[in-house]
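# Structural description and commentary
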Amino acid sequence: MTEKKNRLILHSSVAWHVPLIMDIDVARAVGFDGIDPSTRKLRGFLDAGFTEQELLARLDGIDIPGFGAVFDIERGGASEADLMMEAESTFRLAHLVGAKGIQVMTGPVDVRAVVAHAKGEHTDLYKGMLGFPRQEQIAATVKNLSRIADLAAQFDLLLYLEPMSWTPLNKIADNVEIIERSGRDNIRLIVDYWHCFTAGDTPDVVARLSKDLLYGVHISDSRPFAAGIPIEDDLRDIEMGSGVIDLKLWTDAVKATGYDGWWGCESFSRKWHQENAYEIGREVHRQMKQLVQG
């Protein structure tokens, strides 16, 4: 069966505090084409004592293009073994629920480590390869990503890299280089408007990408940001369509590549997280439909 073009997918962050079952119900009630659940919500359902069979019954075949994430993929030394165990556990969960892909990210995922490094302060947080030459950062990431991709292939999964704007390898160009040097055909790139915007990438950069490289889009907004280290909790605390990112401009840039796959929307508005999930879901769907399909 041919997949529907330009599918609108409900991301778990839209209603961050509700359980997985509510995400599924909101998606179906509002008219989303599927869900992008968080690992936290999927595992939370199982950790509460429900069985895998009960999880599958609740999902009832709903489209899950992917979820995430496997973080800090450049980890080396003793922590590399932990990375691979985390990846395999996530892949098994993805295979169970019928997801097609898993999101992966370079680190450090905790922005506080980046802030401490910039200030020259000591921190016990994972620092990744902060301060290392770029080519060493790239090489370590390529090595690990190749291993993770080979493992993902055993579960018939794609990986999709999301550049994190506070990390050293935060540009689209960095991640395209990583993908190309990995030499694996099951690695793609996801475009997240907020991460691109705060990393200094522009819609023109996105428009020049090959559509075959893309797997997924995260529509997202931001408070004003001039320079420095982007602090996600502050900058993303804004309702979709109320921030400074020109959502139509970025969406048109993605469309210029010829991409017509799935589109999600991340929301980290604390006000929205306290509102009625169905009402917020309808508003997000309305805006997404206008941007993507209008």
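Details of the structure are given in the entry above.
Residues numbered from 1 in each chain as written. Predicted model: local features only at pLDDT ≥ 70, side-chain atom pairs only at ≥ 80, totals over all residues. Heavy atoms only, no water.

## Observations regarding the packing of aromatic side chains
For any pair of aromatic rings, geometry is given as the distance between the ring centres together with the angle between the planes. Going through the model one piece at a time under the given rule, you end up with nine aromatic pairs. The rings of Tyr 160, Tyr 215 and Trp 262 are connected pair by pair, giving a single aromatic cluster. (Phe/Tyr/Trp six-rings, centres within 6.5 Å; stacked < 30°, edge-to-face > 60°.)

## Let's talk about the pattern of salt bridges
A complete count under the given rule lists 22 salt bridges for this structure. The salt bridge involving Asp 33 is made with Lys 4; its shortest N-O contact spans 2.9 Å. Within this pair, whereas Asp 33 is found in the loop between α1 (20-30) and β2 (34-36), its partner Lys 4 is found in the segment before β1 (7-11), the two being separated by 29 residues in sequence. Given the relative accessible area of 23%, Asp 33 is considered partly exposed. Classification of Lys 4 by relative accessible area gives partly exposed; the value is 47%. Each member of the salt-bridge network shares a partner with another, and the members are Glu 3, Arg 7, Asp 63 and Lys 100. (Salt bridge = Lys/Arg side-chain N within 4 Å of Asp/Glu carboxyl O. Helix = DSSP H or I, 4+ residues; strand = E, 2+ residues; numbered from the N terminus. Buried < 20%, exposed > 50% of the residue type's maximum accessible area, 1.4 Å probe, protein only.)

## Things to note about helix α11 (residues 247-256)
Of the positions making up α11, those classed as buried are Leu 247, Trp 250, Thr 251, Ala 253 and Val 254. Looking straight down α11, one finds that the buried residues subtend no more than 155° of arc, so they occupy a single side. Opposite the buried face of α11, by more than 90 degrees, sit the exposed residues Lys 248 and Ala 256. Positive phi appears at Gly 258, one or two residues downstream of α11, with a value of about 95°. (Arc of directions from axis to C-beta.)

## Topic: the environment of Leu 157
With respect to the helices, strands and loops of the structure, Leu 157 is situated in the loop between α6 (134-154) and β5 (158-161). Sequence separation of Leu 157 and Ala 87 is 70 residues, and the distance between their C-alpha atoms is 12 Å. In this structure Leu 157 touches Phe 91, Ala 94, Ala 99, Lys 100, Gly 101, Ile 102, Ala 152 and Asn 186, once residues within four positions along its chain are discounted. (Contact = heavy atoms within 4.5 Å.)

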